[in-house]
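Notes for the structure review
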Amino acid sequence: MIPDLYIAAIITSMLSIAVIGGLLFIRTPQEDRGLLGLLVVVMLPMNALAFFCVRIPLDNWLTGLLGKQSELYQLIRTLYAPITEELAKLWPLLIPLLFIRMKRIPVHRVALAIGLGFGVGEAWTVASLLA
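These lines cover the structure that appears in this document, whether it is placed above or below. A quick note: this is a predicted structure, and the numbers were derived from the prediction, not measured.

1. Some details on the overall build of the protein chain
Scanning the protein chain from N- to C-terminus turns up seven helices and zero strands. For the protein chain, the α and β elements follow one another from N to C terminus as α-α-α-α-α-α-α. Here the protein chain, with 131 residues, has 31% of them falling under the buried criterion. Carbon and sulfur atoms make up 73% of the accessible area of the protein chain, which totals about 8300 Å². Separation of charge centres in the protein chain, based on 10 positive and 8 negative side chains, amounts to 10 Å.

See below:
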C-alpha cells in the first residue's frame, strides 16, 4: 500500500504540472517550450541533491564543530534552506549554452520553469523523508 504522503506528492505534482506547467506551456511561444521543459526536468532532483549532498554534510560538520546545543549552530541551521535551495535553483545559469538561450526568454517564464521543477522535486523529497 502506498503511504499517504506519496499520494499527496502525486496529487501535488499533478496539480502543479497541470496548472503552472499548463499555463506556462500555453503562454510560451513554441520555440521556447523545449528549453523551459528541459529546465523543469533538470531541476527535479535539485532539492534532494541540495539536501543530501550539501545540507546534511554541512550539518554534520557544524555539529562536530559547535555542538547541537550551541546558539550559533541553531542560528546557522535556520539559514540552511534559504541558502542551499536558492543557490541550487541558480545552477542552470552556470551552463553557458542554457544561459545564452535563457537570455532571450522572459525571466518570469524561466523562473516559473525552474520553480516548478524544484517544487515538484521538493514535494517528493519531503514525502520520502517523512514516509
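2. Describing a nonpolar patch on the surface
A grouping of Ile2, Ile7, Ile11, Leu15, Val19, Ile20, Leu23 and Leu112 is seen on the molecular surface, where their side chains present a nonpolar patch of about 700 Å² in accessible area. Top element by residues in the nonpolar patch is helix H1 (residues 4-27). It accounts for six residues. By the secondary structure assignment, Ile20 is in helix H1.

3. Overview of the side chain of Ser13
Examined against the element boundaries, Ser13 turns out to sit in helix H1. Since its relative accessible area comes to 7%, Ser13 is described here as buried.

4. With respect to the environment of Leu90
Secondary-structure assignment places Leu90 in helix H5 (residues 80-90). C-alpha of Leu90 to C-alpha of Arg101: the two residues are eleven residues apart in sequence and 15 Å apart in space.

5. Here's the deal with the packing of aromatic side chains
One pass over the structure, following the stated rule, counts two aromatic pairs. Judged by centre distance (6.1 Å) and plane angle (25°), the ring pair of Tyr6 and Trp124 falls under stacked. With Tyr6 in helix H1 and Trp124 in helix H7 (residues 107-130), this residue pair connects regions lying 118 residues apart in the sequence. The exposure class of Tyr6 is partly exposed, given its relative accessible area of 24%. Ring geometry for Phe51 and Phe52: centres 5.0 Å apart, planes at 85°, overall edge-to-face. Over the face of the ring belonging to Phe25 we find Arg33, whose NZ or CZ atom lies 4.1 Å from the ring centre.

6. Some words on the packing of helix H3 (residues 46-66) against H5
Direction vectors running N to C along H3 and H5 enclose 140°, while the axes themselves pass 10 Å from each other. One finds that H3 runs oblique with respect to H5. Remark: the crossing between H3 and H5 carries right-handed chirality. The segment H3 lies against H5, with Met46, Asn47, Ala50, Val54, Arg55, Leu58, Asp59 and Leu62 engaging Tyr80, Ala81, Thr84, Glu85 and Ala88. Its residues assigned to classes, the contact of H3 with H5 comprises eight nonpolar, two polar and three charged.

Conventions we followed
Residues numbered from 1 in each chain as written. Predicted model: local features only at pLDDT ≥ 70, side-chain atom pairs only at ≥ 80, totals over all residues. Heavy atoms only, no water. Helix = DSSP H or I, 4+ residues; strand = E, 2+ residues; numbered from the N terminus. Buried < 20%, exposed > 50% of the residue type's maximum accessible area, 1.4 Å probe, protein only. Areas by Shrake-Rupley, 256 points an atom, 1.4 Å probe, with all protein chains shown as cover. Lys, Arg positive; Asp, Glu negative; His and termini not counted. Charge placed at Lys NZ, Arg CZ, Asp CG, Glu CD. Patch = residues over 30% accessible without salt bridge, like charges linked within 9 Å, V, L, I, M, F, W, Y side chains within 5 Å. Salt bridge = Lys/Arg side-chain N within 4 Å of Asp/Glu carboxyl O. Phe/Tyr/Trp six-rings, centres within 6.5 Å; stacked < 30°, edge-to-face > 60°. Lys NZ or Arg CZ within 6 Å of the ring centre and 35° of its normal. Axes fitted to C-alpha atoms, helices over the stretch in contact; angles between N-to-C directions. Parallel < 35°, antiparallel > 145°, perpendicular 65-115°, else oblique. Left-handed = near helix turned anticlockwise from the far one by under 90°. Contact = heavy atoms within 4.5 Å. Nonpolar A, V, L, I, M, F, W, Y, C, P; charged D, E, K, R; others polar.

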